[in-house]
Amino acid sequence: RDAPPSINLEMVASALAAAPSVCIRTPSGARQIRRASGRNARVARRAIPAVISAAVAPQKVLIVNTNGGGHANIGFWLAKTLAAQGHSVTLNTIGSNDDKKMQKPPFTYFNELTSAGVQTVWADPGELATKAAGAQFDVVVDNNGKDLDSVGPVAAFAKQCGAKQFLFVSSAGMYKPTPTPPHLEGDAVKESAGHAQVEAKLATMPFSFASFRPQYFTGYGNNKDCEEYFFDRLVRGRPVLVPGSGDQLSVVAHAEDVATMMAAAVGNPAANGVIFNAVTNKAVTLNGMVQLCAAAAGVEPKIVNYDPKKLPEGVEVKKAFPFRPIHFYSSPANALKLLDWQPKHDLAADLKERFEFYKASGRANKDMSFELDDKILASLR
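Residues numbered from 1 in each chain as written. Predicted model: local features only at pLDDT ≥ 70, side-chain atom pairs only at ≥ 80, totals over all residues. Heavy atoms only, no water.

Remarks on the packing of helix α9 (residues 286-297) against helix α12 (residues 347-361)
Then, in step 1: Following both chains from N to C, one finds α9 and α12 inclined at 50°, their axes separated by 8 Å at the closest point. By the angle between their axes, α9 is oblique relative to α12. As α9 packs across α12, the resulting crossing turns out to be right-handed. When α9 is examined against α12, the residues Met289, Leu292, Cys293, Ala296 and Ala297 are found in contact with a partner set consisting of Leu347, Ala348, Leu351, Lys352 and Phe355.
Then, in step 2: By residue class, the composition of the contact of α9 with α12 is 9 nonpolar, no polar and 1 charged. (Axes fitted to C-alpha atoms, helices over the stretch in contact; angles between N-to-C directions. Helix = DSSP H or I, 4+ residues; strand = E, 2+ residues; numbered from the N terminus. Parallel < 35°, antiparallel > 145°, perpendicular 65-115°, else oblique. Left-handed = near helix turned anticlockwise from the far one by under 90°. Contact = heavy atoms within 4.5 Å. Nonpolar A, V, L, I, M, F, W, Y, C, P; charged D, E, K, R; others polar.)

This is the structure in structure tokens:
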């Protein structure tokens, strides 16, 4: 596909200064769903009824979005959600619009954002101060940085552009392992983690701040393997190798649910200074994830559990399996309590939709090597 069209960031800065003030919000259950059919996905959109709300004034929001990995889909869904609520949204993707990464979802879906009034631009964090000089934003969202070096320029720009609120997409991966899951927002974290250092720094800056710690997620626009790992094996009749007993708890959220949680924090004083676990409210076991994917694919799963501490030489569990082989399960307690938020998606239904997309992509028919699987299986004989 052709690269998404480029928009001059300096022109956006001028346009934003004159953006109109209209407050339109959608009911919390409204969503848009794309289903795949054939090789090219076709869009099936639900109408989004808009209602006037005086709860939150319209905001000018800048989302600084990563250009790779699964987190890019959070920014995509957040931009879509905020635009539907009547906010003025600029989505700034790191890098350039001719990068080959832009040929993958969610970037290939940016026409859905521009048709909704979202400005899509490209600039690195250090370029914001010059490329967007003069632009004013009420809220800045960093969905890119993992340490002070990468987030620092965005935070500095937030001060420059007069932002009153800064939202940071952090990571639940910084939690220390616990024998009593789920992780709650006050649980101990690895203080050396870059995300933890960023949160501590942002809490001292002259704007209200909130942090969102996602885990694993799925959904339309995702481009990082999660359910695909399981589908790849299930459709080929291969066993799915799961480290440990398979009873370990994890959590897989839809990116839209993460986005609606973050959107509920925009302009909301209840979010000031709060850490939020950006996850859904229902766990899934590792074996359960295999079973749900198998149900979505219409096949019977062959699950092989193994001891992750007894792997053959040269095999690492983090390369052989997409999830952590321990309990890694967080609770969205703060969002449920403070933001009047509820997840709308169901993992089993989401996986059925993702399997349709998987089939339409042609991946089910591609030649694949399962070298690591074969080494593990051989060691179990």
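Next comes the rest of the description.
Brief notes about the sheet that holds strand β8 (residues 139-143)
Then, in step 1: The parallel open sheet is built from 7 strands, whose spatial order is β7-β6-β5-β8-β9-β10-β15. Among the strands making up the open sheet, the edge pair consists of β7 (119-122) and β15 (274-278). Mean inter-strand twist for the sheet, computed between neighbouring axes without regard to direction, equals 20°.
Then, in step 2: Pairing between strand β5 (residues 60-65) and β8: 5 bridges, direction parallel. Counted as the bridge partner of Val64 is Asp142 from β8. (Pairing = 2+ DSSP bridges.)

Some details on the side chain of Arg354
Then, in step 1: Structurally, Arg354 is set in helix α12.
Then, in step 2: Contacts of Arg354, omitting those with residues within four sequence positions, involve Thr218, Gly219, Tyr220, Gly221, Asn222, Glu227, Glu228 and Phe231.

Details of the pairing of β8
Working note: regular strand, side chains alternate between the two faces of the sheet.
Then, in step 1: The element β8 is extensively covered by neighbouring structure, given that 5 of its 5 residues are classed as buried.
Then, in step 2: A two-sided burial pattern is seen for β8, the buried positions comprising Val139, Val141 and Asn143 on one face and Val140 and Asp142 on the other.
Then, in step 3: Relative to strand β9 (residues 165-169), β8 runs parallel, the two being bridged by 4 bridges. Bridge pairing links Asp142 to Phe168 in β9.
Then, in step 4: The parallel pair β8 and β9, bridged by helix α5 (residues 148-160), forms a crossover whose chirality is right-handed. (Buried < 20%, exposed > 50% of the residue type's maximum accessible area, 1.4 Å probe, protein only. Right-handed = clockwise from strand over helix to strand, strands pointing away.)

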